[in-house]
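# Chains, contacts and geometry: an overview
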Protein chains: 2
Amino acid sequence: MTTNAQLIFNQIPKGEPTPETFKYNTENTIDLEQKLDNGAHIVKIICVSLDPYMRGRMRPAEVKSYSPAFELHKPLTGHGVGVVIRAAADSQYKVGDHVYGMVPYQQFVFYPGQQKVDEESKKFLGPQVGLRVIKNEEGLPWSAYIGAAGMPGKTAFMAWKEIADAKKGEVAFISAGSGPVGQMAIQLAKADGLKVISSAGSDEKVAFLKELGADVAFNYKTEDAKKIFAEHGPIDVNWVNVGGKSFEEELEFMNMHGRLIGGWISAYNGESYGVKNLFQFVAKRLMMRGFIAKYVDDFYATIPKKLAFGDLKFKECKYDGLENAPKAFLEMLAGKQSGGFGKVFIQVAADDTD
Amino acid sequence: MTTNAQLIFNQIPKGEPTPETFKYNTENTIDLEQKLDNGAHIVKIICVSLDPYMRGRMRPAEVKSYSPAFELHKPLTGHGVGVVIRAAADSQYKVGDHVYGMVPYQQFVFYPGQQKVDEESKKFLGPQVGLRVIKNEEGLPWSAYIGAAGMPGKTAFMAWKEIADAKKGEVAFISAGSGPVGQMAIQLAKADGLKVISSAGSDEKVAFLKELGADVAFNYKTEDAKKIFAEHGPIDVNWVNVGGKSFEEELEFMNMHGRLIGGWISAYNGESYGVKNLFQFVAKRLMMRGFIAKYVDDFYATIPKKLAFGDLKFKECKYDGLENAPKAFLEMLAGKQSGGFGKVFIQVAADDTD
């Protein structure tokens, strides 16, 4: 038997999650030599994603929401990449296949056969069920497939295509610009010829926004967003990554017929500020749509290549080992990653694992 | 000289408008026999509209908003229908033409020639500038052209066509269903095969909602909207006529991929309740668009006929004479019209005026 360490959902947080929300369990084991049949296979996890939306899953199972609650005393689940290390002769995968999908946060996963996904998860994931084989002919780090070439990148790419209705010369505002969605959104907006205003929470991040092409980048902790908007707005396309009071201020500076793409990172922890000026939607004929990515083939056909060639830049924030996931998650929610900024992920095993 | 009574914007209200906000001025006169040239013409006003959005125009001129402020000590302006009673030989109108457009609220209007519209008004009105000749081959009361066949009807018609994306069997919720926009929206939703839930503020209005075809109609003052939505929802298309706390409750009962059409009557008086659950937009991938009607020819080609034939019903609330406009406006804002419910308007002169 081999150790199969897990990141367990240990306790439902009251308010903010704490280290006690999680338990790193090294007692769990797996038999890697077991006989496999009926399509069974074993995946060794290489890396897993940490995302703000996971906060919303840390709730009692009886509280309904858009994403399924984590099961108490079971491993957390989320987007990850792994490699198939064993497969039955009739498995849909073969040894050496790299796969991407929703996985339990542990070192190895035994799949008893054709993957079954419950109805609630299907509703949440849409067609994004089961594990998808990733060729990675571009030679990107596997973590890219849970970041810039994964859910956050797809969210940015598809939402921009479907909602932004971007016209050259317009003004885009992208909050949380150094985050995984924001990074991509800035570059897509610039590629479409927009003037981009973007914000982040440190001067180091602001410097990165400029590197990505933002025309106007500011530190929202030290600068007054309203002054920036008054000088460089009004905003035609607003990527809403922060809710509450910021959103209310942004609404005041929207242009007529502006479009808003709904992301709301801050609201994952429970919104406390009530927005009072929604009448701006009528006054300015605004349009807003909430968005979460689904699978798309044309995304995989274009974006990984551009990332590999450096046509699109991305920045990641790596933490090594599942044992560091609680620390990483809490730092991410506080926006204070000790590992730097960008897409937060856990390297569970080396990239060249086979 | 002939008396040309006017409804004057007398005082900027602090909070709610009061009778002192208005002044009915009978001192004003007009020379109906004057020589007319250079395209000049004189219009006798038949009826004018009172709408909640006019509250927002009762503000100091220096406060910018989506609609131009009323000029202090000048007549109020708004949608009205009149008849051309005199016209220069080179006027674009001829005597007897009935015309619709934005007019000052007085008995007669002298137009010195080709109508000029300032830039601010153009931005507000879009292409809806100048006066449009209305044939009324359907023989509708002229007031219909400022109600069901006017701005409120057009708003309902166009917003439904452009935003609702209605599918047979879906659920629509229409608040303020007895109002001029709501009446039309209920009937359009039913025509598209939706189940319609609608609310209003009195049992008499609720009975009318059922007459219009609403499947579920309730009095929001005596019944719990959340219970209704829990039983008959979730809501696929939400016609948002009331903001604040109602809107927040409705968001909880929206279906995945729901659409919201922004109207917000209540917000015209200044919103006091802050909406905290906008994250529902992301969780449920909702789409919302604010909407105000513009001119459309296909509306005039179809709707007046349907109104005349009774295929579409409408209910109006008439007050006689400009002198009753302050009373009517205040009663309308309070939702307590002594003239009944439905589209509020002022009959300034008899319909058969020529």
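### Some remarks on the overall build of chain A
- Scanning chain A from N- to C-terminus turns up nine helices and 17 strands.
- Against the globule reference of 20 Å for 354 residues, chain A gives a C-alpha radius of gyration of 21 Å, in line with a compact fold.
- Its C-alpha atoms give chain A principal-axis dimensions of about 65 × 45 × 35 Å.
- A buried classification covers 57% of the 354 residues belonging to chain A.
- Across chain A, every contact between residues at least 6 apart in sequence was considered, and the portion connecting residues at least 24 apart equals 70%.
- Of the roughly 14,700 Å² that chain A leaves accessible, carbon and sulfur atoms contribute 50%.
- Of the side chains in chain A, 42 bear a positive and 43 a negative charge, and the two mean positions are spaced by 4 Å.

### Considerations on the state of the cysteines
- Taken as a whole and judged by the stated rule, the model has zero disulfides over all chains.
- Cys 47 of chain A forms no disulfide, and the closest cysteine sulfur to it belongs to Cys 317 of chain A, at a distance of 14 Å.

### Side note on the sheet that holds strand 14 (residues 254–262) of chain B
- Read from one edge to the other, the open sheet built from 12 strands follows the order 12(A)-11(A)-10(A)-13(A)-14(A)-15(A)-15(B)-14(B)-13(B)-10(B)-11(B)-12(B), with strand pairing classed as mixed. The open sheet is flanked by strand 12 (216–219) of chain A together with strand 12 (216–219) of chain B, the only strands paired with a single partner. On average, each strand axis in the sheet is inclined to that of its neighbour by 15°, with strand direction left out of account.
- Bridge count for strand 14 of chain B against strand 15 (residues 287–290) of chain B is four bridges, and the pairing is parallel. Looking at strand 15 of chain B, one finds that Ile 261 of chain B is bridged to Arg 289 of chain B.
- Running over the sheet, helix 6 (residues 244–252) of chain A touches strand 10 (171–174), strand 13 (235–240), strand 14 (254–262) and strand 15 (287–290) of chain A and is turned about 150° from strand 14 of chain A.
- Its contacts with the sheet place helix 2 (residues 151–164) of chain B against strand 10 (171–174), strand 13 (235–240), strand 14 and strand 15 of chain B, and it is angled at close to 145° to strand 14 of chain B.

### Here's the deal with helix 2 of chain B
Residue and element names in this part refer to chain B.
- Taking 1.5 Å of rise per residue, 14 residues should cover 20 Å, and helix 2 covers 18 Å from first to last C-alpha, within 8% of that figure.
- With 12 of 14 residues buried, helix 2 lies mostly within the body of the structure.
- Buried within helix 2 we find Met 151, Pro 152, Gly 153, Lys 154, Thr 155, Ala 156, Phe 157, Met 158, Ala 159, Trp 160, Ile 163 and Ala 164.

### Some words on the packing of helix 2 of chain B against helix 3 (residues 180–191) of chain B
All names here are of chain B.
- Two numbers describe how helix 2 lies on helix 3: the axes approach to 8 Å, and their chain directions differ by 35°. Taken as a pair, helix 2 and helix 3 cross one another with a handedness that is right-handed. Contacts between helix 2 and helix 3 involve Pro 152, Gly 153, Ala 156, Phe 157 and Trp 160 from the former and Pro 180, Val 181, Met 184, Ala 185, Leu 188 and Ala 189 from the latter.
- Across the contact of helix 2 with helix 3, the residue classes break down as 10 nonpolar, one polar and no charged.

### Considerations on the pairing of strand 14 of chain A
All names here are of chain A.
- Across five bridges, strand 13 lies against strand 14 in parallel orientation. Residue pairing for strand 14: Trp 239 is matched across the bridge by Ile 261.
- Note on the crossover from strand 13 through helix 6 to strand 14: the handedness is right-handed.

### Notes on the environment of Leu 194 of chain A
Residues and elements named next belong to chain A.
- Within the secondary structure, Leu 194 is located in the loop between helix 3 (180–191) and strand 11 (195–200).
- As for Leu 194 and Phe 341, which are separated by 147 residues in sequence, their C-alpha atoms are 25 Å apart.
- Once residues within four sequence positions are removed from consideration, Leu 194 is found in contact with Trp 160, Ala 166, Lys 167, Gly 169, Glu 170, Val 171, Ala 172, Ala 189, Asp 215 and Val 237.

### Points about the nonpolar core
- With 170 residues, the main nonpolar core has Trp 160 of chain A together with Trp 160 of chain B as its most contacted residues.
- Beyond its immediate chain neighbours, meaning those up to four positions away, Trp 160 of chain A contacts Thr 155, Asp 165, Ala 166, Ala 172, Leu 188, Ala 189, Asp 192, Leu 194, Val 237, Trp 239 and Ile 261 of chain A.
- Counting 38 residues, the second largest nonpolar core, distinct from the first, contains Phe 229 and Val 275 of chain A together with Ala 225 and Phe 247 of chain B.

### Description of the packing of aromatic side chains
- Taken as a whole and judged by the stated rule, the model has 22 aromatic pairs over all chains.
- A centroid spacing of 6.0 Å and a plane angle of 40° characterise the contact between Trp 142 of chain A and Tyr 145 of chain A, whose relative ring orientation is tilted. Side by side, Trp 142 of chain A and Tyr 145 of chain A carry an identical accessibility label, which is buried.
- Considering the side-chain rings of Phe 173 of chain B and Phe 229 of chain B, the 4.8 Å spacing of their centres and the 80° angle between planes classify their relative orientation as edge-to-face. Of this pair, Phe 173 of chain B sits in strand 10 while Phe 229 of chain B sits in helix 5 (residues 225–232), and the two are 56 residues apart along the sequence. In this structure, Phe 173 of chain B and Phe 229 of chain B share a single accessibility class: buried.
- Ring pairing ties together the aromatic residues Phe 173, Phe 218, Phe 229 and Phe 253 of chain A, which thus form one cluster.

### Structural notes on the pattern of salt bridges
- One pass over the full model with this rule turns up 18 salt bridges over all chains.
- Between Glu 71 of chain A and Lys 74 of chain A there is a salt bridge whose closest N-O contact spans 3.3 Å.
- Residue Glu 71 of chain A is classed as exposed on the basis of its relative accessible area, which comes to 52%.
- A salt bridge links Lys 343 of chain B to Asp 51 of chain B, with the shortest nitrogen-to-oxygen separation between them at 3.1 Å. Placement of the pair is Lys 343 of chain B in strand 17 (residues 343–347) and Asp 51 of chain B in the loop between strand 5 (41–49) and strand 6 (77–87), with a sequence separation of 292 residues.
- A relative accessible area of 5% places Asp 51 of chain B in the buried class.

### Some thoughts on helix 6 (residues 244–252) of chain B
- Considered for burial, the residues of helix 6 of chain B that qualify are Gly 244, Phe 247, Glu 248, Glu 249, Glu 250 and Leu 251 of chain B.
- For helix 6 of chain B, the secondary structure elements touched by its buried residues are strand 10, helix 5, strand 13, strand 14, helix 7 (280–283) and strand 15 of chain B.

### What to know about the domain arrangement of chain A
All names here are of chain A.
- Annotation of chain A at the domain level lists domain 1 (2–148 + 296–347) and domain 2 (152–290).
- One C-alpha centre belongs to domain 1, the other to domain 2, and the line joining them spans 28 Å.
- Counting from both sides, the interface comprises 28 residues of domain 1 and, opposite them, 19 residues of domain 2.
- When domain 1 packs against domain 2, the two sides together hide about 2,000 Å² of surface, and 62% of this comes from carbon and sulfur.
- Joining domain 1 to domain 2, the criterion identifies zero salt bridges.
- In this structure, the connection of domain 1 to domain 2 is made through five residue pairs in polar contact (both at pLDDT 80 or more).
- Of the residues forming the side of domain 1 that touches domain 2, the biggest block, five residues, is contributed by helix 8 (residues 297–309).

### Comments concerning unusual backbone geometry
Residues and elements named next belong to chain A.
- Residue Pro 234 is bonded to the preceding Gly 233 through a cis peptide linkage, with omega at 0°.
- With respect to the helices and strands, the residue Pro 234 is situated in the loop between helix 5 (225–232) and strand 13.
- Phi at Asn 38 takes a positive value of approximately 50°, unusual for a residue other than glycine.
- With respect to the helices and strands, the residue Asn 38 is situated in the loop between strand 4 (29–30) and strand 5 (41–49).
- Judged by its relative accessible area of 60%, Asn 38 falls in the exposed class.
- A positive phi angle, close to 55°, is found at Asn 136, a residue other than glycine.
- Classification of Asn 136 as buried rests on a relative accessible area of 13%.

### Here's the deal with the environment of Pro 326 of chain B
Residue and element names in this part refer to chain B.
- Mapped onto the secondary structure, Pro 326 falls in helix 9 (residues 325–333).
- The class of Pro 326 is buried, set by a relative accessible area of 12%.
- In this structure the C-alpha to C-alpha distance between Pro 326 and Glu 20, which are 306 residues apart in sequence, comes to 8.7 Å.

About the criteria used
Residues numbered from 1 in each chain as written. Chains lettered and ligands numbered in written order. Predicted model: local features only at pLDDT ≥ 70, side-chain atom pairs only at ≥ 80, totals over all residues. Heavy atoms only, no water. Helix = DSSP H or I, 4+ residues; strand = E, 2+ residues; numbered from the N terminus. Rg over C-alpha atoms; globule rule 2.2 N^0.38 Å. Buried < 20%, exposed > 50% of the residue type's maximum accessible area, 1.4 Å probe, protein only. Contact = heavy atoms within 4.5 Å. Areas by Shrake-Rupley, 256 points an atom, 1.4 Å probe, with all protein chains shown as cover. Lys, Arg positive; Asp, Glu negative; His and termini not counted. Charge placed at Lys NZ, Arg CZ, Asp CG, Glu CD. Disulfide = S-S within 2.5 Å. Pairing = 2+ DSSP bridges. Axes fitted to C-alpha atoms, helices over the stretch in contact; angles between N-to-C directions. Expected span 1.5 Å × (residues − 1). Left-handed = near helix turned anticlockwise from the far one by under 90°. Nonpolar A, V, L, I, M, F, W, Y, C, P; charged D, E, K, R; others polar. Right-handed = clockwise from strand over helix to strand, strands pointing away. Core = buried A, V, L, I, M, F, W, Y, C linked by side-chain atoms within 4.5 Å. Phe/Tyr/Trp six-rings, centres within 6.5 Å; stacked < 30°, edge-to-face > 60°. Salt bridge = Lys/Arg side-chain N within 4 Å of Asp/Glu carboxyl O. Domains from an automatic or database assignment. Buried area = accessible area lost by both parts, 1.4 Å probe. Polar contact = N/O pair within 3.5 Å; in protein donor to acceptor, adjacent residues only side chain to side chain.

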